[in-house]
Amino acid sequence: MSDAFMRVFGRGSVARASAPGRVSLIGDHTDYAEGFCLPMPLPLETHVALAPADCFRVHSEEMEDTLDFDPFGPPRGNWSDYVAGPLAELVKAGFTVPPVEMTVRSSVPSGAGLSSSAALEVATLRAMLSLTGQAVSDSRIAHFAQAGENNYCGVQCGILDQMASAMGRSRQALLLDCRTNKGQLVPLPPEFHFEIVHCGKPRHLADGAYNERRATTAEAARHLGLRALRDADMAALEALRDDEMLRRARHVVSENARVLAAVDAIRTADVAGFGALMNESHRSLALDFEVSTPTLDRLVESALDAGALGARLTGAGFGGCIVALVPAESSDWWPQVVAGNPCAWLVRNEV
Ligand code: GLA
């Protein structure tokens, strides 16, 4: 990394940090309803290196682009906002944020639903805090990262991605309670073998539709006189008259229950039970929450036909990736999947 910094800026970096992308195993579109999520960090990471400078400047190896930005000023409307936004939150909270030159290198594919944005935000914050010698907890880092994305980039995301990136540990699922903001690590038994497959299409028009889904679930909670859908049960939903709102709310309520059941399945090494919950989750995301696409649905079908015990879209949906629970011994699983979906690509074997 410091080689990239040296090449771009002609000197060595002073602070470096990294943060991983994540796969959401189950529990999507529940975080902003103060519900439960179960992500796991990926062995794919974003690395940031920086050094004090006269102005704020960032170079991305993947974008092959260098941009000036200013966390003390308004957003620029380009990818540097994902760097400037979290730093702007540090400024607001009274932290020292000196001007820096930065390089970014990442193996987290962007637009795949694997939280490349959160990895960049968390790595940026860690590198800045390391440079200035300021200590901040992982959970507070996650909140600065999320606030930066909400306030600076205009994406009303929940806390799932940033918490998973900041608090996750390898080969451990992270049970997140998005009301208390507490995370609990749940080690995966060896028979839990996940594969992540990109459907070949990036997330499409995701942000507008995402914000709209979030608004509908908040409205449903208001109709029910609740602080958030976390507090609703299936019986309470009968009071919702609007069919679309009912289906959106039903996804959130049922998904919260599935996350808790999935944690039990991990703890009892019930692989088949976990797989069945993934399948129900995908159906609910596709039919009730309507964030799947024909390409994602086809890929989930192929993953199951090829022997997966469960498969579902992962993250926000609208394109990007699926995650499948695959028997470790099935070596012909991937060839079968790709035969039916020539545009699909395996993000990583053996997560
Ligand atoms: C995106 C958002 C998260 C979460 C997921 C869906 O990744 O950034 O906050 O809402 O979608 O679970």
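Below is a short write-up of the structure. (Residues numbered from 1 in each chain as written. Predicted model: local features only at pLDDT ≥ 70, side-chain atom pairs only at ≥ 80, totals over all residues. Heavy atoms only, no water.)

1. Some words on the overall build of the chain
Under the convention used in this document: Helix numbering and strand numbering both begin at the N terminus, where a helix is a DSSP run of H or I of at least 4 residues and a strand a DSSP run of E of at least 2. For this measure, only C-alpha atoms enter the radius of gyration; the expected value for a globule follows 2.2 Å times N^0.38, where N is the number of residues. Each residue gets one of three labels from its accessible area relative to the maximum for its type: buried under 20%, exposed over 50%, partly exposed in between, using a 1.4 Å probe on protein chains only. We call two residues in contact when some of their heavy atoms are within 4.5 Å. With residues, only the protein chains shown are counted as cover, and all accessible areas are computed by Shrake-Rupley using a 1.4 Å probe.
On a plain count of helices and strands, the chain comes out with 10 helices and 11 strands. Taking 2.2 N^0.38 as the reference for a compact globule, 351 residues should give roughly 20 Å; the C-alpha atoms of the chain span a radius of gyration of 20 Å, in line with that estimate. With the C-alpha coordinates aligned to their principal axes, the bounding extent of the chain is approximately 55 × 50 × 35 Å. Counting over 351 residues, the chain shows a buried share of 58%. Of the contacts formed within the chain by residues at least 6 apart in sequence, a portion of 70% connects residues at least 24 apart. Summed over all atoms, the accessible surface of the chain reaches about 13800 Å², with 51% contributed by carbon and sulfur.

2. Re the packing of helix α4 (residues 138-153) against helix α5 (residues 160-167)
This is how the line gets drawn: Between the N-to-C directions of two axes lies an angle of 0 to 180 degrees, each axis being a line fitted to C-alpha atoms and, for a helix, fitted only over the stretch in contact. When the near helix sits turned anticlockwise from the far one by under a right angle, the crossing is termed left-handed; a clockwise turn instead gives a right-handed crossing.
It is the contact of α4 with α5, at a shortest axis distance of 8 Å, that shows an interaxial angle of 145°. Here α4 runs over α5; the crossing is right-handed. In this structure, α4 uses D138, S139, A142, H143, A145, Q146 and E149 to contact α5, whose residues at the interface are Q162, M163, A166 and M167.

3. What about the site of the ligand?
This is how it is decided: It suffices for a single heavy atom of a residue to lie within 4 Å of a molecule or strand for the residue to be listed as near it. Pairing of N or O atoms within 3.5 Å defines a polar contact, subject to two protein rules: one partner must be a possible hydrogen donor and the other a possible acceptor, and residues neighboring in sequence count only if both atoms are side-chain atoms. The method works on a 1 Å grid over the protein atoms by themselves. A cavity is a set of points holding a 1.4 Å probe that cannot get out, a pocket is an open set with protein on both sides within 12 Å along at least five of seven lines, and residues with an atom within 4 Å of a point line them. Cavity and pocket membership follows a simple rule, namely that a molecule belongs there if more than half of its atoms are within 2 Å of the grid points. Residues are sorted three ways: Asp, Glu, Lys and Arg are charged, Ala, Val, Leu, Ile, Met, Phe, Trp, Tyr, Cys and Pro are nonpolar, and all the rest, Gly among them, are polar.
Taken together, R22, D28, H29, D31, Y32, C157, G158, L160, D161, Y210, G315 and A316 form the complete shell of residues around the ligand. In the environment of the ligand, an oxygen atom lies 2.5 Å from a nitrogen or oxygen atom belonging to the side chain of D28. Note that an oxygen atom of the ligand is positioned 2.6 Å from one of the side-chain N or O atoms of D161. Considering the ligand on its own, with 300 Å² of exposed area, one finds that the protein chains cover 95% of that surface. More than half of the atoms belonging to the ligand lie within 2 Å of the grid points that define the largest pocket. In terms of residue class, the shell around the ligand is made up of 5 nonpolar, 3 polar and 4 charged.

4. Side note on the layout of surface pockets
Stated formally: Grid points are joined across faces, edges and corners, and a volume is the space filled by probe spheres set on the points.
Its volume calculated, the largest pocket comes out at about 840 Å³. The wall of the largest pocket is formed by 37 residues, among which S110, G111, S116, S117 and R203 lie closest to the centre. Looking at the lining of the largest pocket, the elements that each hand over two or more residues are β5 (100-106), α3 (116-132), α5 and α6 (206-223). With 4 residues, α3 is the single largest residue contributor to the lining of the largest pocket. Of the residues belonging to the lining of the largest pocket, the class tally is 17 nonpolar, 12 polar and 8 charged.

5. A closer look at the packing of helix α2 (residues 81-92) against α4
Rules: For classification, angles of less than 35 degrees are called roughly parallel, those exceeding 145 degrees roughly antiparallel, those between 65 and 115 degrees roughly perpendicular, and all remaining angles oblique.
One can describe the packing of α2 onto α4 by two numbers: an axis separation of 7 Å at closest approach and a directional angle of 110°. If you check the angle between α2 and α4, you find them roughly perpendicular. In this structure, the crossing between α2 and α4 has a hand that is right-handed. Contacts between α2 and α4 involve D81, Y82, A84, G85, P86, A88, E89, L90 and K92 from the former and F144, A145, A147, G148, E149, N151, Y152 and C153 from the latter.

6. Topic: the packing of aromatic side chains
Keep this limit in mind: In this analysis, rings of Phe, Tyr and Trp, with Trp reduced to its six-membered ring, are considered paired at centre separations within 6.5 Å, and the interplanar angle assigns stacked below 30 degrees, edge-to-face beyond 60, and tilted for intermediate values.
Going through the model one piece at a time under the given rule, you end up with 7 aromatic pairs. Here the aromatic rings of Y32 and Y210 are separated by 5.6 Å at their centres, their planes lie at 85°, and the arrangement is edge-to-face. Taken together, the residues span a long stretch of sequence, with Y32 in the loop between β1 (15-26) and β2 (36-52) and Y210 in helix α6 at a distance of 178 residues. We classify Y32 as buried; its relative accessible area is 12%. An aromatic cluster is defined as three or more aromatic residues linked by ring pairs; in this entry it consists of F56, F69 and F72.

7. Some words on the environment of T132
Along the chain, the position of T132 falls in helix α3. Owing to a relative accessible area of 24%, T132 belongs among the partly exposed residues under this scheme. Separated by 85 residues in the primary sequence, T132 and H47 place their C-alpha atoms 18 Å from one another. Setting aside residues up to four positions removed in sequence, T132 forms contacts with T96 and P98. In terms of polar contacts, T132 uses its side chain to reach the backbone carbonyl oxygen of M128, at 3.0 Å.

8. Here we look at the pattern of salt bridges
The criterion, for reference: In the sections that follow, a salt bridge refers to a side-chain nitrogen of Lys or Arg positioned within 4 Å of a carboxyl oxygen of Asp or Glu.
By the definition in use, this model includes 21 salt bridges. Put simply, D243, E244, R247, R248 and E290 are held in one network by salt bridges that share partners.

9. Quick look at the side chain of D81
Using the following cut-off: When charges are counted, Lys and Arg are positive and Asp and Glu negative, with His and the chain ends excluded.
When you line up the elements, D81 lands in helix α2. Despite its burial, D81 pairs with no opposite charge; the closest candidate is R76, at 6.5 Å N-O. Residues within four places of D81 in sequence aside, it is in contact with P75, R76, P86, Y152 and C153.

10. Looking at the environment of V186
By the element assignment, V186 lies in strand β7 (residues 182-187). Since its relative accessible area comes to 1%, V186 is described here as buried. Here the alpha-carbon distance between V186 and E329, two residues 143 residues apart in the chain, equals 23 Å. In this view, V186 contacts Q172, A173, L175, V263, I266 and R267; residues no more than four positions away in its chain are not counted.

11. Describing the nonpolar core
Nonpolar side chains in soluble globular proteins generally cluster together in the buried interior. How we decide: Only buried residues count toward a nonpolar core, which is a set of Ala, Val, Leu, Ile, Met, Phe, Trp, Tyr and Cys residues joined through side-chain atoms within 4.5 Å.
Counting 43 residues, the largest nonpolar core has V48, V58, F69, L90 and M102 as its most contacted members. Here this core gets 7 residues from one element, more than from any other, and that element is α3. Ignoring any residue separated from it by four or fewer positions in sequence, one finds L90 in contact with F95, V97, L125, M128, L129 and F144. Ranked by size, the runner-up nonpolar core spans 39 residues in total, among them A33, A209, L229 and A324.

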